Amino acid sequence: MEDYKGIPFELHMSEQRIVRGDIYKAKQEPSKGTLLLLHGYKGFKNWGMFPHVASELAEAVDVVALNFSHNGVGEDLMDFTELEKFAGDTYSKDLEDVQVIIADIHKHVGTDKPILLLGHSRGAGVSLIYALDHPEEIAGVISWNGIAHVDLLTPENKAEMRDTGRSYTLNGRTKQMMPLDLEILEDMERNEERFDIVGRIREVTFPIVLIQGTEDGERLLKGSEKLVANNAAIQWVKIPGGNHTFGSVHPYQGETQPLRMAIEETKGAIRSMLNI
(Lines give C-alpha, C1' and ligand atoms only; values in the text may rest on other atoms or scores of the structure.)
Protein backbone atom coordinates (compact mmCIF):
# COMPACT_ATOMS: atom_id res chain seq x y z
CA MET A 1 0.00 0.00 0.00
CA GLU A 2 1.31 3.42 -0.95
CA ASP A 3 2.23 5.77 1.89
CA TYR A 4 -0.18 8.55 2.60
CA LYS A 5 0.61 11.94 4.07
CA GLY A 6 -0.38 13.00 7.54
CA ILE A 7 -2.59 15.98 8.33
CA PRO A 8 -0.30 18.77 9.58
CA PHE A 9 -1.00 20.67 12.79
CA GLU A 10 0.66 23.15 15.12
CA LEU A 11 0.21 23.54 18.86
CA HIS A 12 1.38 26.91 20.17
CA MET A 13 2.50 26.56 23.78
CA SER A 14 3.74 30.15 23.68
CA GLU A 15 4.70 32.64 20.97
CA GLN A 16 8.14 31.06 20.54
CA ARG A 17 7.28 27.49 21.52
CA ILE A 18 5.52 25.47 18.85
CA VAL A 19 4.99 21.71 18.57
CA ARG A 20 4.53 20.79 14.91
CA GLY A 21 3.16 17.43 13.92
CA ASP A 22 1.20 15.25 11.52
CA ILE A 23 -1.83 13.09 12.24
CA TYR A 24 -2.09 9.86 10.26
CA LYS A 25 -5.67 8.66 10.67
CA ALA A 26 -6.25 4.95 11.22
CA LYS A 27 -7.07 3.08 8.02
CA GLN A 28 -9.40 0.79 9.97
CA GLU A 29 -12.25 2.82 11.43
CA PRO A 30 -13.02 3.34 14.19
CA SER A 31 -9.56 3.94 15.58
CA LYS A 32 -8.60 1.79 18.56
CA GLY A 33 -6.36 4.49 20.05
CA THR A 34 -3.46 6.83 19.34
CA LEU A 35 0.24 6.14 18.88
CA LEU A 36 2.65 9.04 19.46
CA LEU A 37 5.84 8.79 17.37
CA LEU A 38 8.76 10.59 19.03
CA HIS A 39 12.02 11.27 17.19
CA GLY A 40 15.48 11.14 18.74
CA TYR A 41 18.49 13.40 19.24
CA LYS A 42 19.17 15.57 16.17
CA GLY A 43 16.06 14.00 14.66
CA PHE A 44 12.73 15.28 13.35
CA LYS A 45 9.41 13.84 12.21
CA ASN A 46 10.23 14.11 8.49
CA TRP A 47 13.66 12.50 8.78
CA GLY A 48 14.19 9.52 6.50
CA MET A 49 11.98 6.62 7.52
CA PHE A 50 9.56 8.36 9.88
CA PRO A 51 6.79 9.43 7.44
CA HIS A 52 6.79 5.91 5.97
CA VAL A 53 6.75 4.33 9.43
CA ALA A 54 3.88 6.56 10.57
CA SER A 55 1.84 5.71 7.48
CA GLU A 56 2.53 1.99 7.88
CA LEU A 57 1.57 1.89 11.56
CA ALA A 58 -1.69 3.83 11.07
CA GLU A 59 -3.80 0.71 10.68
CA ALA A 60 -5.82 0.17 13.85
CA VAL A 61 -4.56 3.37 15.53
CA ASP A 62 -4.16 7.02 14.69
CA VAL A 63 -0.47 7.93 14.56
CA VAL A 64 0.72 11.37 15.66
CA ALA A 65 4.29 12.16 14.56
CA LEU A 66 5.68 15.31 16.12
CA ASN A 67 8.66 17.61 16.25
CA PHE A 68 9.63 18.55 19.78
CA SER A 69 9.35 22.30 20.27
CA HIS A 70 13.10 22.69 20.79
CA ASN A 71 14.47 20.11 18.33
CA GLY A 72 15.91 22.90 16.18
CA VAL A 73 13.82 22.28 13.06
CA GLY A 74 11.65 25.24 12.10
CA GLU A 75 8.80 26.05 9.76
CA ASP A 76 10.32 24.40 6.69
CA LEU A 77 10.19 21.09 8.63
CA MET A 78 13.39 19.79 7.04
CA ASP A 79 16.32 21.93 8.22
CA PHE A 80 17.88 22.92 11.54
CA THR A 81 17.04 26.61 11.30
CA GLU A 82 16.33 27.11 15.03
CA LEU A 83 19.66 26.27 16.63
CA GLU A 84 19.09 28.64 19.55
CA LYS A 85 16.10 26.52 20.53
CA PHE A 86 18.13 23.33 20.11
CA ALA A 87 20.67 24.83 22.54
CA GLY A 88 18.04 24.62 25.28
CA ASP A 89 16.40 21.32 24.34
CA THR A 90 16.09 19.72 27.77
CA TYR A 91 14.35 16.45 28.60
CA SER A 92 11.94 18.44 30.76
CA LYS A 93 10.84 20.49 27.74
CA ASP A 94 10.36 17.35 25.64
CA LEU A 95 8.24 15.83 28.42
CA GLU A 96 6.15 19.00 28.61
CA ASP A 97 5.61 18.80 24.85
CA VAL A 98 4.32 15.23 25.18
CA GLN A 99 2.01 16.29 28.01
CA VAL A 100 0.53 19.09 25.90
CA ILE A 101 -0.03 16.76 22.94
CA ILE A 102 -1.72 14.13 25.11
CA ALA A 103 -3.95 16.79 26.71
CA ASP A 104 -4.95 17.88 23.21
CA ILE A 105 -5.72 14.29 22.21
CA HIS A 106 -7.91 13.90 25.31
CA LYS A 107 -9.66 17.13 24.43
CA HIS A 108 -10.51 16.10 20.87
CA VAL A 109 -10.79 12.31 21.12
CA GLY A 110 -11.75 11.81 24.75
CA THR A 111 -10.02 9.93 27.53
CA ASP A 112 -11.47 6.48 26.82
CA LYS A 113 -9.15 5.67 23.89
CA PRO A 114 -5.71 4.29 24.87
CA ILE A 115 -2.45 6.07 24.07
CA LEU A 116 0.78 4.31 23.12
CA LEU A 117 4.24 5.85 22.84
CA LEU A 118 6.80 4.85 20.21
CA GLY A 119 10.17 6.55 20.56
CA HIS A 120 13.36 6.23 18.56
CA SER A 121 16.69 6.60 20.38
CA ARG A 122 16.42 9.60 22.74
CA GLY A 123 12.69 9.70 21.97
CA ALA A 124 12.39 6.26 23.54
CA GLY A 125 13.97 7.60 26.73
CA VAL A 126 11.45 10.47 26.75
CA SER A 127 8.66 7.92 26.19
CA LEU A 128 9.73 5.76 29.11
CA ILE A 129 10.14 8.67 31.51
CA TYR A 130 6.76 10.10 30.54
CA ALA A 131 5.05 6.74 31.00
CA LEU A 132 6.79 6.22 34.35
CA ASP A 133 5.52 9.65 35.43
CA HIS A 134 1.99 9.07 34.06
CA PRO A 135 1.34 5.31 34.05
CA GLU A 136 -2.42 5.84 34.14
CA GLU A 137 -2.27 7.68 30.78
CA ILE A 138 -0.14 5.25 28.78
CA ALA A 139 -1.17 1.80 27.56
CA GLY A 140 2.33 0.79 26.47
CA VAL A 141 5.75 1.94 25.27
CA ILE A 142 7.62 0.70 22.21
CA SER A 143 11.31 1.59 22.00
CA TRP A 144 13.20 1.63 18.71
CA ASN A 145 16.94 1.43 19.44
CA GLY A 146 16.22 3.42 22.56
CA ILE A 147 18.45 4.92 25.20
CA ALA A 148 18.44 3.63 28.77
CA HIS A 149 20.62 6.49 30.07
CA VAL A 150 19.70 10.12 29.39
CA ASP A 151 23.24 11.53 29.49
CA LEU A 152 24.39 11.85 25.86
CA LEU A 153 26.99 14.54 26.59
CA THR A 154 30.74 14.02 26.38
CA PRO A 155 33.03 14.98 29.27
CA GLU A 156 34.35 17.75 27.01
CA ASN A 157 30.79 19.05 26.45
CA LYS A 158 30.18 19.20 30.19
CA ALA A 159 33.46 20.93 30.99
CA GLU A 160 32.87 23.56 28.30
CA MET A 161 29.27 24.09 29.44
CA ARG A 162 30.42 24.72 33.00
CA ASP A 163 33.24 27.01 31.88
CA THR A 164 31.46 29.11 29.25
CA GLY A 165 27.76 28.21 29.47
CA ARG A 166 27.72 26.62 26.03
CA SER A 167 29.27 23.72 24.13
CA TYR A 168 28.77 22.34 20.63
CA THR A 169 28.05 19.02 18.94
CA LEU A 170 28.67 18.24 15.28
CA ASN A 171 25.74 17.14 13.15
CA GLY A 172 27.47 14.56 10.97
CA ARG A 173 24.88 14.83 8.19
CA THR A 174 24.51 18.61 7.89
CA LYS A 175 27.99 19.50 9.21
CA GLN A 176 26.41 22.13 11.48
CA MET A 177 27.95 22.80 14.87
CA MET A 178 24.88 22.59 17.08
CA PRO A 179 24.94 24.53 20.38
CA LEU A 180 24.30 22.96 23.78
CA ASP A 181 23.63 25.27 26.71
CA LEU A 182 24.37 24.63 30.37
CA GLU A 183 20.64 24.32 31.13
CA ILE A 184 20.63 20.89 29.43
CA LEU A 185 23.20 19.58 31.91
CA GLU A 186 21.52 21.32 34.83
CA ASP A 187 18.16 19.77 33.88
CA MET A 188 19.67 16.27 33.97
CA GLU A 189 21.37 16.89 37.30
CA ARG A 190 18.27 18.45 38.87
CA ASN A 191 16.12 15.49 37.74
CA GLU A 192 18.63 12.70 38.36
CA GLU A 193 16.17 10.43 40.16
CA ARG A 194 13.27 11.18 37.84
CA PHE A 195 15.39 10.49 34.75
CA ASP A 196 16.89 7.26 36.16
CA ILE A 197 15.21 4.95 33.66
CA VAL A 198 17.18 1.85 34.65
CA GLY A 199 16.42 2.31 38.34
CA ARG A 200 12.75 3.19 37.88
CA ILE A 201 12.00 0.45 35.36
CA ARG A 202 11.38 -2.00 38.22
CA GLU A 203 8.14 -0.18 39.09
CA VAL A 204 6.64 -0.39 35.61
CA THR A 205 3.00 -1.47 35.35
CA PHE A 206 2.56 -0.96 31.58
CA PRO A 207 3.90 -3.21 28.78
CA ILE A 208 7.25 -2.32 27.20
CA VAL A 209 8.69 -3.72 23.98
CA LEU A 210 12.29 -2.95 22.99
CA ILE A 211 12.86 -3.34 19.25
CA GLN A 212 16.56 -3.11 18.53
CA GLY A 213 18.95 -3.84 15.71
CA THR A 214 21.74 -6.30 16.48
CA GLU A 215 24.16 -3.75 14.98
CA ASP A 216 22.95 -0.86 17.15
CA GLY A 217 25.56 0.92 19.27
CA GLU A 218 27.19 -1.10 22.05
CA ARG A 219 26.17 1.42 24.72
CA LEU A 220 22.53 1.19 23.67
CA LEU A 221 22.59 -2.61 23.53
CA LYS A 222 24.06 -2.75 27.03
CA GLY A 223 21.44 -0.28 28.21
CA SER A 224 18.65 -2.55 26.96
CA GLU A 225 20.31 -5.46 28.73
CA LYS A 226 20.12 -3.52 32.00
CA LEU A 227 16.46 -2.68 31.49
CA VAL A 228 15.54 -6.31 30.88
CA ALA A 229 17.66 -7.41 33.86
CA ASN A 230 15.68 -5.03 36.07
CA ASN A 231 12.28 -6.01 34.70
CA ALA A 232 11.80 -9.47 33.26
CA ALA A 233 8.39 -8.51 31.83
CA ILE A 234 10.04 -6.30 29.18
CA GLN A 235 10.05 -7.89 25.75
CA TRP A 236 13.32 -7.42 23.87
CA VAL A 237 13.08 -8.06 20.13
CA LYS A 238 16.36 -8.11 18.20
CA ILE A 239 16.35 -7.28 14.48
CA PRO A 240 19.16 -9.15 12.67
CA GLY A 241 21.54 -6.81 10.87
CA GLY A 242 19.67 -3.69 11.92
CA ASN A 243 21.72 -0.60 12.76
CA HIS A 244 20.56 2.46 14.73
CA THR A 245 18.10 3.48 11.99
CA PHE A 246 17.38 -0.05 10.70
CA GLY A 247 19.33 0.82 7.54
CA SER A 248 17.27 3.91 6.78
CA VAL A 249 18.97 7.11 5.63
CA HIS A 250 17.93 10.69 4.91
CA PRO A 251 16.63 11.49 2.36
CA TYR A 252 14.59 8.28 2.48
CA GLN A 253 15.74 5.66 -0.01
CA GLY A 254 13.10 3.02 0.58
CA GLU A 255 12.51 0.18 2.96
CA THR A 256 15.30 -2.12 4.11
CA GLN A 257 14.73 -5.64 5.40
CA PRO A 258 15.56 -4.65 9.01
CA LEU A 259 13.11 -1.72 8.80
CA ARG A 260 10.39 -4.00 7.43
CA MET A 261 10.98 -6.40 10.32
CA ALA A 262 10.89 -3.55 12.86
CA ILE A 263 7.59 -2.30 11.43
CA GLU A 264 6.03 -5.77 11.53
CA GLU A 265 7.21 -6.35 15.10
CA THR A 266 5.77 -2.98 16.06
CA LYS A 267 2.41 -3.79 14.51
CA GLY A 268 2.36 -6.97 16.57
CA ALA A 269 3.25 -5.05 19.73
CA ILE A 270 0.43 -2.56 19.10
CA ARG A 271 -2.10 -5.37 18.64
CA SER A 272 -0.89 -7.07 21.80
CA MET A 273 -0.93 -3.90 23.94
CA LEU A 274 -4.46 -3.03 22.80
CA ASN A 275 -5.76 -6.63 22.78
CA ILE A 276 -6.90 -6.44 19.17
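Relevant structure appears above.
On a predicted model such as this, the values are computed, not experimentally measured, just so you know. (Residues numbered from 1 in each chain as written. Predicted model: local features only at pLDDT ≥ 70, side-chain atom pairs only at ≥ 80, totals over all residues. Heavy atoms only, no water.)

Any chance you could explain the overall build of the protein chain here in plain terms?
For the protein chain, the helix and strand inventory stands at nine helices and ten strands. For the protein chain, whose C-alpha radius of gyration is 18 Å, the value lies close to the compact-globule estimate of 19 Å for 276 residues. Counting only C-alpha atoms, the protein chain reaches 55 × 40 × 35 Å along its principal axes. Classification of the 276 residues of the protein chain by burial places 55% in the buried group. Expressed as a percentage of contacts within the protein chain between residues at least 6 apart in sequence, the contacts between residues at least 24 apart total 72%. Accessible surface, the protein chain: about 12,200 Å² in total, of which carbon and sulfur atoms supply 51%. (Helix = DSSP H or I, 4+ residues; strand = E, 2+ residues; numbered from the N terminus. Rg over C-alpha atoms; globule rule 2.2 N^0.38 Å. Buried < 20%, exposed > 50% of the residue type's maximum accessible area, 1.4 Å probe, protein only. Contact = heavy atoms within 4.5 Å. Areas by Shrake-Rupley, 256 points an atom, 1.4 Å probe, with all protein chains shown as cover.)

Which parts of the structure should I look at to understand the packing of helix α1 (residues 50-57) against helix α9 (residues 257-274)?
Between two packed helices, the angle of one axis relative to the other and the distance separating the axes together describe the packing. Their axes nearest at 10 Å, the elements α1 and α9 cross at an angle of 40 degrees. The two elements α1 and α9 meet at a crossing, and its hand is right-handed. Residues His52, Val53, Glu56 and Leu57 of α1 pack against Leu259, Arg260, Ile263, Thr266, Lys267 and Ile270 of α9. (Axes fitted to C-alpha atoms, helices over the stretch in contact; angles between N-to-C directions. Left-handed = near helix turned anticlockwise from the far one by under 90°.)

How do you make sense of the pattern of salt bridges when you look at a structure like this?
A side chain of one charge can pair with a side chain of the opposite charge if their charged atoms are brought near each other. Counted according to the given criterion, the structure contains 24 salt bridges. Note that Lys267 and Glu59 form a salt bridge whose closest N and O atoms lie 3.0 Å from each other. Of this pair, Lys267 sits in helix α9 while Glu59 sits in the loop between α1 and β4 (62-67), and the two are 208 residues apart along the sequence. Here Glu59 falls in the partly exposed class, since its relative accessible area comes to 25%. Put simply, Glu189 and Arg162 hold a salt bridge, and the shortest N to O gap is 2.5 Å. Of this pair, Glu189 sits in helix α6 (residues 182-190) while Arg162 sits in helix α5 (residues 155-164), and the two are 27 residues apart along the sequence. Overall, the relative accessible area of 40% leaves Glu189 in the partly exposed class. A relative accessible area of 48% means that Arg162 is categorised as partly exposed. One salt-bridge network, held together by shared partners, links Glu56, Glu59, Glu255, Arg260, Glu264 and Lys267. (Salt bridge = Lys/Arg side-chain N within 4 Å of Asp/Glu carboxyl O.)

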